[in-house]
Amino acid sequence: MSLTSAHSVVAPSAVSKRIAGTIIVLYALISIVPLLWIFATSFKTPPDSIAYPPKILFQPSLEGYCNLFSTRTRQTPEYINALGPATGVCDETVRKRNMVIAGPSNFMPRFVNSLIIAFGSTFCAVFLGTLSAYGFSRFKVPLADDLLFFILSTRMMPPIAVAIPIYLMYRELGLSDTALGMILLYTAVNVSLAVWLLKGFIDEIPREYEEAAMIDGYTRLQAFWRTVLPQATTGIAATAIFCLIFAWNEYAFAALLTSGSAQTAPPFIPTIIGEGGQDWPAVAAGTTIFLVPILVFTILLRKQLLRGITFGAVRK
Amino acid sequence: MTEAGLTMLNRTADGVARATPEPLARKVRGISDTGLAWLFISPTIMLLLAINIFPLFWAIYLSFTNYRANRPNEVVRNVGLANYKRILGDQDIWIAMQTTAHFVFWTILLQTLIGFTLAWLIDRKFRGHAFWTTIILVPMMLSPAVVGNFWRFLYEPQIGLFAYAISFVTGIPATQIGMLSNVSLAPWSIVIVDTWMWTPYVMLICLAGLRSIPEYIYEAAEVDRASNWRQFWSITLPMALPFIMLAVLFRGIENFKMFDMVNLLTGGGPGSTTEVASITLKRQAFESWRTGYSSAFAIILFVAVFGLANIYVKALNKVKQR
């Protein structure tokens, strides 16, 4: 961002700065409350989570996390007393509710699915995107503008509209509810973003470097590999993170095209229920674990954020 | 220039000194540039053709049939334009379009107003502005589905934090604030969550717009003794306008397609008060299994987004050229 932004010969007065600062800080604090509430709820017990008035101070508990990772069955107090000493924090917490842990829940496998699908599709999208972006950036491709627009326009379709024929196609090909099917789909969605972003990044690398390398005896491919790629690493990394965030957060395709073995975390988390309704501490725990990686990425990406969210239309 | 850059320059000098007849040398070394270009671009195009364009054509074909995906063995009949005619005469579809319009209009209006104001305030560069900007940006990076799902909890009439806060401020009993169950409040419940999530997006783009305005224009205005008010309306706003319009374009397309957050927050309910177009599409396609009918609706939606976006981009380019 540019260095000059005090929009008057006289810089903003101290008073106006203070007022602006106060409003922004207030907005930031209010807008972050829902997220803090998710975090707080994940450490509440189910009765505390539905107390009225909502509890701001409470005794922290790991029950939400225990419930998230386990399935439980109700037992009689006699049965529980007859068991040996509790084997861990979760065991102890669960027994207080007259229950015993029956086994692991589906959360871990769903989380792992999310990881595999997000990383797999990101790798493919960035790989294809880098090649195409280099092609569009350096060579005279006939109808380049039309092709680029075509690539972008695939992004304008409502996901449900795409999902109908994809659902039928995957059913025919046996790709329904498979990680491979989801990786292919997310790659196709993300590649448009990757091409547009990376073209911008590669356009900024002076052609002279490759030309010099080629005069020096490198082939075009070697020049691409040895001079362009190393200089595009920041751009590639930023693009990868944007693709990763999209694939990680995606819900519509995942909800419609996966149901079991390839289901990702977003369609799974809302289905976490306890006895008598939604188990909010467990949902909050799942949500917290799911959101933390994105928080980290957002902080890493802060400087490239603008470029990423506008498909490279706004650079600095 | 970096060290690598300097070495590169030296190499260039060496290379030129050697003075190879270049085009010939390149041919000998392997694939031509055109070949390489296609080699690099075609995988992407092939993937998009397979996963986006082929299904699109399939959907166009299905939209002229009575196909139902839950009865794959039934004979598929060509019904011509019957699906399209029925959609245009379907009361429910028009109600869904109105719901979508309400959602898109209010979210964009609120996000633009609040987002621009925030950007304008942040541009004052008070102490700590970078930190607070990052905090404000967080909601838009999160999964709309997962966060939308959690908002159901915040909206709960008695135990939810939102209802509690509203009753705390207004004095209305918290039990009466059923954001998701009240027919007149539900359409606003999705507007509020979307505005909460995406105002930072508009803010970030507006901020880039404000920072792109060159200082000297303000200096000139100051020399001409233009008031701050006048400077805002004649310099700040017009010069930031292309950026604001870009943000509106992106949000407009996204919210027209809106599915995930609304599906988890209200599921289209109560009744069909928050049933935006994508929810109707999902209900028709994956609950009623009217595949042909819903394909026709999908095509209409796609053409609408595409057409509106194109008209809008033309307008945007005009504003930019001014």
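Note on numbering: residues in each chain are counted from 1, in written sequence order. Here chains are named by letter from A upward and ligands by number from 1 upward, in the order in which they appear as written. Only residues with pLDDT of 70 or above have their local features reported here, since the model is predicted, and side-chain atom pairs are shown and tallied only from 80 upward, although totals for entire chains, interfaces and linings are computed over all residues.

**Considering the overall build of chain B**
The test is simple: A run of DSSP states H or I qualifies as a helix once it reaches four residues; a run of E qualifies as a strand once it reaches two. Both are numbered from the N-terminal end. This radius of gyration counts C-alpha atoms alone. The globule rule is 2.2 Å times how many residues there are, raised to the power 0.38. Residues with at least 20 other C-beta atoms within 10 Å of their own are called buried, those with 12 or fewer are called exposed, and the rest are partly exposed. The C-beta atoms themselves are positioned from the backbone.
For chain B, the helix and strand inventory stands at 14 helices and 0 strands. Secondary structure elements of chain B occur, N-terminal to C-terminal, as α-α-α-α-α-α-α-α-α-α-α-α-α-α. Over its C-alpha atoms chain B spans a radius of gyration of 27 Å, topping by over 25% the 20 Å that the globule rule assigns to 322 residues. Expressed along its principal axes, the backbone C-alpha trace of chain B runs to roughly 80 × 70 × 35 Å. The burial tally for chain B puts 40% of its 322 residues in the buried class.

**Quick look at the packing of helix α9 (residues 186–211) of chain B against helix α11 (residues 228–256) of chain B**
Residue and element names in this part refer to chain B. The test is simple: Orientation is described by lines fitted to C-alpha atoms, with helices fitted over the stretch in contact, and by angles between N-to-C directions that extend from 0 to 180 degrees. We call a crossing left-handed when the near helix sits turned anticlockwise from the far one by less than a right angle, and right-handed when that turn is clockwise. Throughout, a residue-residue contact means that the two C-beta atoms, derived from backbone geometry, are no farther apart than 7 Å. Only Asp, Glu, Lys and Arg are considered charged, only Ala, Val, Leu, Ile, Met, Phe, Trp, Tyr, Cys and Pro nonpolar, and every remaining residue, Gly among them, polar.
Packing of α9 against α11 leaves a shortest axis separation of 8 Å and a crossing angle of 145°. In the packing of α9 onto α11, the handedness of the crossing is right-handed. Each of Asp-194, Trp-198, Tyr-201, Val-202, Ile-205, Cys-206, Ala-208, Gly-209 and Leu-210 in α9 lies in contact with α11, whose residues at this interface are Thr-236, Ala-240, Phe-243, Ile-244, Leu-246, Ala-247, Arg-251 and Asn-255. Here the residues of the contact of α9 with α11 sort into 12 nonpolar, 3 polar and 2 charged.

**A look at the packing of helix α1 (residues 14–42) of chain A against helix α15 (residues 280–301) of chain A**
Residue and element names in this part refer to chain A. What counts is decided by this rule: In this scheme, roughly parallel covers angles under 35 degrees and roughly antiparallel covers those over 145, while 65 to 115 is roughly perpendicular and the rest are oblique.
The interhelical angle for the contact between α1 and α15, taken along N-to-C directions, is 120°, at an axis separation of 7 Å. The pairing of α1 with α15 is recorded here as oblique in orientation. Taken as a pair, α1 and α15 cross one another with a handedness that is left-handed. Of the residues in α15, those touching α1 at Ile-38, Phe-39, Thr-41 and Ser-42 are Trp-280, Pro-281, Ala-284, Ala-285, Thr-287 and Thr-288. Taken together, the residues of the contact of α1 with α15 sort by class into 6 nonpolar, 4 polar and no charged.

**As for helix α11 (residues 220–231) of chain A**
The following threshold applies: An expected span of 1.5 Å times one less than the residue number is assigned to each helix.
With 12 residues, α11 of chain A extends 16 Å from end C-alpha to end C-alpha; this agrees with the ideal 16 Å at 1.5 Å per step. For α11 of chain A, the secondary structure elements touched by its buried residues are α6 (107–138) and α10 (208–215) of chain A together with α3 (33–62) of chain B.

**Quick notes on the nonpolar core**
For clarity, the cut-off: Note on terminology: a nonpolar core is any set of buried Ala, Val, Leu, Ile, Met, Phe, Trp, Tyr and Cys residues joined through C-beta atoms within 7 Å. An automatic or database domain assignment is the source of the domain bounds shown.
Within the largest apolar cluster, 168 residues are counted, with the highest numbers of intra-cluster contacts made by Ala-161 of chain A together with Leu-204, Ile-205 and Cys-206 of chain B. Taken domain by domain, this core gets at least three of its residues from each of domain 1 (46–105) and domain 2 (108–265 + 302–309) of chain A. Discounting chain neighbours no more than four positions away, the residues touching Leu-204 of chain B are Leu-305, Leu-306 and Ile-309 of chain A together with Leu-137 of chain B.

**Digging into the environment of Thr-93 of chain A**
Residues and elements named next belong to chain A. Along the chain, Thr-93 falls in helix α5 (residues 89–96). Overall, the presence of 20 C-beta atoms within 10 Å leaves Thr-93 in the buried class. C-alpha of Thr-93 to C-alpha of Pro-266: the two residues are 173 residues apart in sequence and 27 Å apart in space. Not counting residues within four places of it along the chain, the set of residues in contact with Thr-93 comprises Ser-61, Leu-62, Glu-63 and Cys-66.

**A few points about the interface of chain B and chain A**
Residue-level contacts link 88 residues of chain B with 91 residues of chain A. Ranked by the residues each element gives to the side of chain B that touches chain A, the list is headed by α3 of chain B, at 14 residues. Looking at the side of chain B that touches chain A residue by residue, the classes come out as 58 nonpolar, 15 polar and 15 charged.

**Here's the deal with the domain arrangement of chain A**
With domains assigned, chain A is organised as domain 1 (46–105) and domain 2 (108–265 + 302–309). For domain 1 of chain A and domain 2 of chain A, the distance between their C-alpha centres works out to 43 Å.

**Focus: the confidence of the model for chain B**
Residues and elements named next belong to chain B. Selection rule: Every residue is assigned a pLDDT by the predictor, reflecting its confidence on a scale from 0 to 100.
Per-residue pLDDT for chain B has a mean of 86; in total, 90% of the residues score no lower than 70. Of all helices and strands in chain B, the one with the weakest mean pLDDT is helix α2 (residues 22–28) (47), whereas helix α5 (residues 91–122) scores best (95). Across residues 1–6 the pLDDT falls below 50, and counting only partners more than four positions away or on other chains, this stretch makes 1 contact in the model. Within the model, the stretch residues 24–28 combines pLDDT values under 50 with 2 contacts to residues more than four positions away or in other chains. Confidence metrics for the complex model read pTM 0.86 and ipTM 0.86.

**Thoughts on α9 of chain B**
Taking 1.5 Å of rise per residue, the 26 residues of α9 of chain B would be expected to cover 38 Å, and the 38 Å separating its terminal C-alpha atoms lies within 8% of that figure. Across the 26 residues that make up α9 of chain B, a large majority, 22, are buried.

**Topic: unusual backbone geometry**
Note that the residue after Tyr-52 of chain A, namely Pro-53 of chain A, is joined by a cis bond; omega there is -5°. Within the secondary structure layout, Pro-53 of chain A lies in the loop between α2 (46–49) and α3 (63–69). Residues Gly-269 of chain B and Pro-270 of chain B are joined by a peptide bond in cis, for which omega reads -5°. Relative to the assigned elements, Pro-270 of chain B resides in the loop between α12 (260–265) and α13 (277–286). Notably, Arg-225 of chain B is not glycine yet its phi reads approximately 60°, a positive angle. Following the sequence through the fold, Arg-225 of chain B ends up in the loop between α10 (215–223) and α11.

**Describing the environment of Leu-237 of chain B**
Inspection of the secondary structure puts Leu-237 of chain B in helix α11. Between the C-alpha atoms of Leu-237 of chain B and Pro-214 of chain B, which are 23 residues apart in sequence, the distance is 13 Å.

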